[in-house]
Amino acid sequence: MSESRLVARFRRWYGGLPTILVDGALAALVLAVQLWPFLSRDNPHGGPWHWWGYAVVVVSAVPLIWRRRAPVIVLLAVCVPTGFYDLVDEVASQPIWYTGLVALYTLAAYSSRWKRWIAFAVTLGGGLLIVGSAESGVRGTVQFVAAYAIGRAAAASRAHAAALEERAVQLAREREIEAERAAERERARIARDMHDILAHAVSVMVVQAEAGPVAVTSNPARAVAAFDAIAGAGRDAMDQLRRLLNVLKEDEGPRGPQPTIDGLPALADQIRGTGLHVTYSTTGSPRPLSPDTEVAAYRITQEALTNIVKHAAATRAGIDLTWQDHALMIDITDDGHGRDPRLPSGGNGLIGIRERAAACGGTAELGPRAGGPGFQVLVRLPLAAS
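Predicted model, so just to flag it, every value in this text is computed and none were measured.

A. How the structure looks around helix H9 (residues 264-272). Burial in H9 covers these residues: Leu264, Leu267, Ala268, Gln270 and Ile271. On an axial view of H9, the arc spanned by its buried residues comes to 160°, and they lie on one face.

Right, dumping it as structure tokens:
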């Protein structure tokens, strides 16, 4: 296991311990260090060390247990007793008062600005007033300033870590929201595709089913062709729906092939089976389109032809593709004169055409055909970025 992972595990373990337990252990450690001079040195005056020294060390170390709960009070409770340590001569010399340094570090790390500034100034000033020599004063000042600076660095580090954690949470939430939006867009796309597939297939079936009984007696061959067209439209719809719904499976794999503009001639042939005369033409050299634009071109044409079959009562329709330098123009026209009253009214086909075009960065113009009867759908779709 790498060192960084060991450090991370230790930090998680250490951070999970109760505060009172950690600070109690620190107070015990500082107490042991401050008592060490009494155990490692002999009294030059002979006999044991004076009890006063032991008492001051214990009284100054115990408050560290509550250092993070009340930093200012603990600093005063630590520093005031140590100021009276030298009232008795027969005490061991203390090279460094760790109790005061730990308390000052805690003050700098956990207290608000004004509290820590005032407490630091009072502590430093009081120490300089009772210090025995200039050398001791300089040494004590350096130690106090260093402890304060380390405390401020620790506070800055915690604040930075908290900011990073907050940012990580925010990013996670943003990713979650984006995933929800993507799922919503995917559901909307599937709903649009299902609408287009079903509306087209059902429209073809309805037209052929209505024409079939009439043709059974007068033109049996046409009746057979009508039933073949119904079966073909149903099979094609089932195939497209099966590919579309595969994306909803839990063990979703790569998305199945989606229709493209290469399928438009076959789509025109399918519509011809309804008795509508459909022409198909292209102008210019084909250019690359993005996958989404390819699907949109097919679905828009499919929806426009479905509307013609359902509503226009037309006899002729045209599909003209024009490849320009920066766009593909799709012009779909018919010679109809409105919705066939025998058929049910449609839904949101024209709105869907506009939405599909806009989703790809294109535009759609829909309205009566200029210069004659009928309707026109003119769509501009951008080419793929090179």
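Next, the rest of the story.
B. Representation of the nonpolar core in the model. Counting residues in each nonpolar core, the largest one holds 34 residues, and the members touching the most others are Leu276, Ile308, Ile330, Ile353 and Val379. Contributions of two or more residues to this core are made by H9, helix H10 (291-312), strand S2 (316-323), strand S3 (327-334), helix H11 (349-359), strand S4 (363-368) and strand S5 (375-382). When residues of this core are assigned to their parent elements, the largest contribution, eight residues, is made by H10. If sequence neighbours within four positions are ignored, isoleucine 330 has contacts with Ala297, Thr301, Asp320, Leu321, Val377, Leu378, Val379 and Leu381. The next biggest cluster of nonpolar side chains, apart from the first, holds 18 residues, and it includes Leu64, Leu75, Ala147 and Tyr148.

C. Region of interest: the sheet that holds S3. Taking strand neighbours across the sheet as the criterion, the five strands line up as S1-S2-S3-S5-S4 in an open arrangement whose pairing is mixed. The sheet is open, and its two edges are formed by strand S1 (277-283) and S4, each paired on a single side. Strand-to-strand twist of the sheet, defined as the mean angle between neighbouring strand axes without regard to direction, takes the value 10°. Bridge count between S1 and S2: seven bridges; the pairing is parallel. Residue pairing in the sheet places threonine 283 in a bridge with threonine 322 of S2. Sheet contacts for H10: S2, S3 and S5; angle to S3, the most-contacted strand, approximately 10°.

D. Molecular detail of the packing of helix H2 (residues 19-40) against helix H3 (residues 51-61). Between H2 and H3, the shortest axis-to-axis distance is 9 Å and the interhelical angle comes to 160°. What the angle tells us is that H2 and H3 run roughly antiparallel. With respect to the hand of their crossing, H2 and H3 are arranged in right-handed fashion. Contacts between H2 and H3 involve Ala27, Leu31, Gln34, Leu35 and Phe38 from the first element and Gly53, Tyr54, Val57, Val58 and Ala61 from the second.

E. Fine view of the pairing of S4. Note that S4 and S5 share six bridges and pair antiparallel. Opposite leucine 366, over in S5, you have valine 377 as the bridge partner.

F. Representation of H11 within the structure. Within the sequence span of H11, burial applies to Gly349, Gly352, Ile353, Arg356 and Ala357. End-on, the buried residues of H11 take up no more than an arc of 130°, which puts them together on one face. Exposed side chains of H11 directed beyond 90 degrees from the buried face belong to Ala358 and Ala359. Taken from the residues just after H11, glycine 361 is the one with a positive phi, measuring 85°.

Cut-offs and rules
Along each chain, residues carry numbers from 1 onward, in the same order as the chain's sequence is written. Reporting in this predicted model follows two pLDDT cut-offs: at least 70 for local features of residues, and 80 or more for side-chain atom pairs to be given and counted; totals over whole chains, interfaces and linings ignore these cut-offs and use all residues. Remark: hydrogens and water are excluded; side-chain values derive from all non-hydrogen atoms of the structure. Working definition: with a 1.4 Å probe on protein chains only, accessible area under 20% of the residue-type maximum means buried, over 50% means exposed, and in between means partly exposed. Helix and strand labels come from DSSP, where a helix needs a run of H or I of at least four residues and a strand needs a run of E of at least two; each type is numbered from the N terminus. What the arc measures is the spread of directions leading from the helix axis to the C-beta atoms. Put simply, buried Ala, Val, Leu, Ile, Met, Phe, Trp, Tyr and Cys residues joined by side-chain atoms within 4.5 Å make one nonpolar core. Contacts are assigned to residue pairs with any non-hydrogen atoms lying within 4.5 Å of each other. A pair of strands is labelled paired if DSSP reports no fewer than 2 bridges between them. Angles run from 0 to 180 degrees between N-to-C directions of axes, and those axes are lines fitted to C-alpha atoms, restricted for helices to the stretch in contact. Note on angle classes: values under 35 degrees are labelled roughly parallel, values over 145 roughly antiparallel, values of 65 to 115 roughly perpendicular, and the remainder oblique. Note: crossing handedness is left-handed where the near helix turns anticlockwise from the far helix by less than a right angle, and right-handed where it turns clockwise.

Just geometry here; none of it tells us what the structure is for.
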